[in-house]
Amino acid sequence: MNEMLNLDDYKANCPRCDRKRYVTRAAVDVARADICTECFDVCPACNGEEYTFDRNPQGYSFVRNCPVCTVLRDRIATFNDARIPARYHAHGATLEEFQTDEPDPKGKARPVGNLPRVRLRLYKWTMGFVPGERGFLLHGEVGTGKTHLLAAVVRHLTLEKGIVARFVEFTHLLSEIREQFDQGRGESAILGPLMDVPVLAIDELGKGRNNEWQLSVIDEIISKRYNRGLTTLFTTNYPLDALPSHVGDTHSPEFRRNALSETLRERIGERIFSRLFEMSDFVAIEAPDYRKRKTDP
Ligand SMILES: [Zn+2]
Ligand SMILES: [Zn+2]
């Protein structure tokens with residue numbers, strides 16, 4: 001039976017999917033994965049039957065789900081359910097491809113800020129991930145690649161490890177909760193899935209105008225997840241805590257603007273903020289805004 005599972009030789013060099021057997025694309029607003037029709041239109045392990053025959057130790061044959069395409073289809077469905085934003089479906093969408101270098105004036109590659117180290121740290125975390133693992137919070141200025149890295153982590157967890165995960169943008173999450181409450185849906189129907197999913201990735205924590213009620217809902221989600229030992233991942237553009245008060249002219253405009261902006265602690269409140277410390281490692285990204293880098297070579 002197992003000779004059929006040796007798919008390495010099967011159209012080994014599929015130019016479309018690079019032997020991954022799936023491809024990703026931008027659907028309306030989320031990234032979507034599909035089976036690669038170039039090399040996997042018909043599953044070579046079961047000839048598209050989705051079931052294979054196997055024998056138990058006594059020699060009796062039995063039918064079981066095809067171990068190749070069933071797993072692949074499950075992972076694709078898991079990725080699609082994660083709802084990663086459409087713009088992260090390609091162009092360095094994986095942790096392996098994520099660009100941490102840029103050309104210097106002579107055209108030689110040089111590392112961008114501390115991105116190589118951050119990527120390596122997330123890569124190790126993702127490869128070794130088992131459900132319940134302590135999460136992380138990526139913090140740094142706008143345009144440093146935090147959301148991109150978070151999306152790449154969720155992509156790997158779902159497509160390569162088959163772990164159920166959900167990606168949410170903080171302000172969308174709040175408006176979604178509000179809308180559903182307004183429609184009279186019960187609290188458990190709304191919050192249940194967010195409290196149960198093995199990995200929840202919350203992008204742009206603290207963004208938007210948040211009232212007491214919204215923050216209490218977020219607190220409930222995060223606290224319940226923590227108590228259940230579920231992994232939660234975060235990014236935020238806000239400085240974590242108060243910066244030195246002596247912010248003088250010697251500092252860059254970005255630094256001064258940052259120092260004057262609200263801190264994450266102020267935005268989400270003391271209770272949620274201290275919870276974050278208990279459940280995640282804080283990872284600082286120090287890199288220039290990629291949009292400025294592109295226009296200013
Ligand atoms: Zn292919
Ligand atoms: Zn199959």
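Structure first, text after, so check above.
A. Structural view of the overall build of the chain. Helices and strands together make up the secondary structure of the chain, namely 10 helices and 11 strands. Out of the 297 residues in the chain, the part that is buried amounts to 30%. Taking contacts inside the chain between residues at least 6 apart in sequence as the whole, the part at least 24 apart equals 74%.

B. Seen up close, the nonpolar core. Judged by nonpolar contacts, the single largest core of 59 residues is most densely connected at Leu150, Val153, Val154, Ala165, Val199 and Ala201. In this structure, this core is formed jointly by two domains, domain 1 (2–74) and domain 2 (87–295), each of which donates at least three residues. Once you skip the residues sitting within four places of it in the chain, Leu150 turns out to touch Leu138, Ala201, Asp203, Leu233 and Thr235.

C. Here's a closer look at the packing of helix H2 (residues 69–82) against helix H4 (residues 146–160). H4 packs onto H2 with a crossing angle of 150 degrees between their chain directions and a minimal axis gap of 7 Å. Looking at the two axes, H2 sits roughly antiparallel to H4. Each of Arg75, Thr78, Phe79 and Ala82 in H2 lies in contact with H4, whose residues at this interface are Val154, Arg155, Thr158 and Leu159.

D. Just the sheet that holds strand E8 (residues 165–169), in detail. Reading across the sheet, the five strands line up as E8-E9-E10-E7-E11 and stay open at both edges, with parallel pairing between neighbours. Strands with a single pairing partner mark the edges of an open sheet, and in this sheet they are E8 and strand E11 (280–284). Put simply, the sheet's adjacent strands are angled 15 degrees from each other on average, direction ignored.

E. Local environment of unusual backbone geometry. With phi around 65 degrees, Arg19 is a residue other than glycine that occupies positive phi space. Inspection of the secondary structure assignment puts Arg19 in the segment before strand E1 (22–26). Although it is not a glycine, Arg21 adopts a positive phi angle of roughly 75 degrees. Arg21 gets classed as buried once you count the C-beta atoms within 10 Å, which come to 22.

F. Looking closely at the environment of Asp81. Here Asp81 shows up in helix H2. Taking the C-beta count within 10 Å as the criterion, Asp81 has 15 such neighbours and is therefore assigned partly exposed. Taking the C-alpha atoms as reference points, Asp81 and Phe167, separated by 86 residues in sequence, lie 9.0 Å from one another.

G. View of the pairing of strand E10 (residues 231–236). E10 sits mainly inside the fold: six of its six residues count as buried. What you see with E10 is no split at all: Thr231, Leu233 and Thr235 on one side and Thr232, Phe234 and Thr236 on the other are buried throughout. One ladder, built from three bridges, connects strand E7 (residues 135–139) with E10; its direction is parallel. Each bridged residue has a counterpart across the sheet, and for His139 the counterpart in E10 is Thr236. Summarising the sheet, strand E9 (residues 199–203) and E10 pair through four bridges and their orientation is parallel. Following the sheet pairing, Ile202 is matched in E10 by Phe234.

H. Spotlight on the packing of helix H3 (residues 115–127) against H4. Where H3 meets H4, the closest approach of the two axes is 10 Å, and the angle between their N-to-C directions is 20 degrees. In terms of axis orientation, H3 runs roughly parallel to H4. Considering how the two elements wind past one another, H3 and H4 form a crossing that is right-handed. Residue-level contacts link Arg119, Leu122 and Thr126 of H3 to Leu149, Val153, His156 and Leu157 of H4.

I. Representation of the environment of Ile272. Within the secondary structure layout, Ile272 lies in helix H9 (residues 264–279). Overall, the presence of 20 C-beta atoms within 10 Å leaves Ile272 in the buried class. Taking the C-alpha atoms as reference points, Ile272 and Ser216, 56 residues apart in sequence, are found 9.0 Å from one another. Filtering out sequence-adjacent residues up to four positions away, Ile272 remains in contact with Leu215, Ile218, Asp219 and Ile222.

J. Here's a closer look at H9. Over its 16 residues, H9 extends only 16 Å from the first C-alpha to the last, a length that falls short of the 22 Å expected when each residue adds 1.5 Å. Considering bend angle alone, the principal kink of H9 is centred on Glu270 and spans about 105 degrees. As for H9, its buried residues are in contact with E7, helix H7 (212–227), E10 and E11.

Conventions we followed
Residues numbered from 1 in each chain as written. Chains lettered and ligands numbered in written order. Predicted model: local features only at pLDDT ≥ 70, side-chain atom pairs only at ≥ 80, totals over all residues. Helix = DSSP H or I, 4+ residues; strand = E, 2+ residues; numbered from the N terminus. Buried ≥ 20, exposed ≤ 12 C-beta atoms within 10 Å, placed from the backbone. Contact = placed C-beta atoms within 7 Å. Core = buried A, V, L, I, M, F, W, Y, C linked by C-beta atoms within 7 Å. Domains from an automatic or database assignment. Axes fitted to C-alpha atoms, helices over the stretch in contact; angles between N-to-C directions. Parallel < 35°, antiparallel > 145°, perpendicular 65-115°, else oblique. Pairing = 2+ DSSP bridges. Left-handed = near helix turned anticlockwise from the far one by under 90°. Expected span 1.5 Å × (residues − 1). Bend = angle between axes of the 7 residues up to and from the residue.

Keep in mind these values describe shape, not function.
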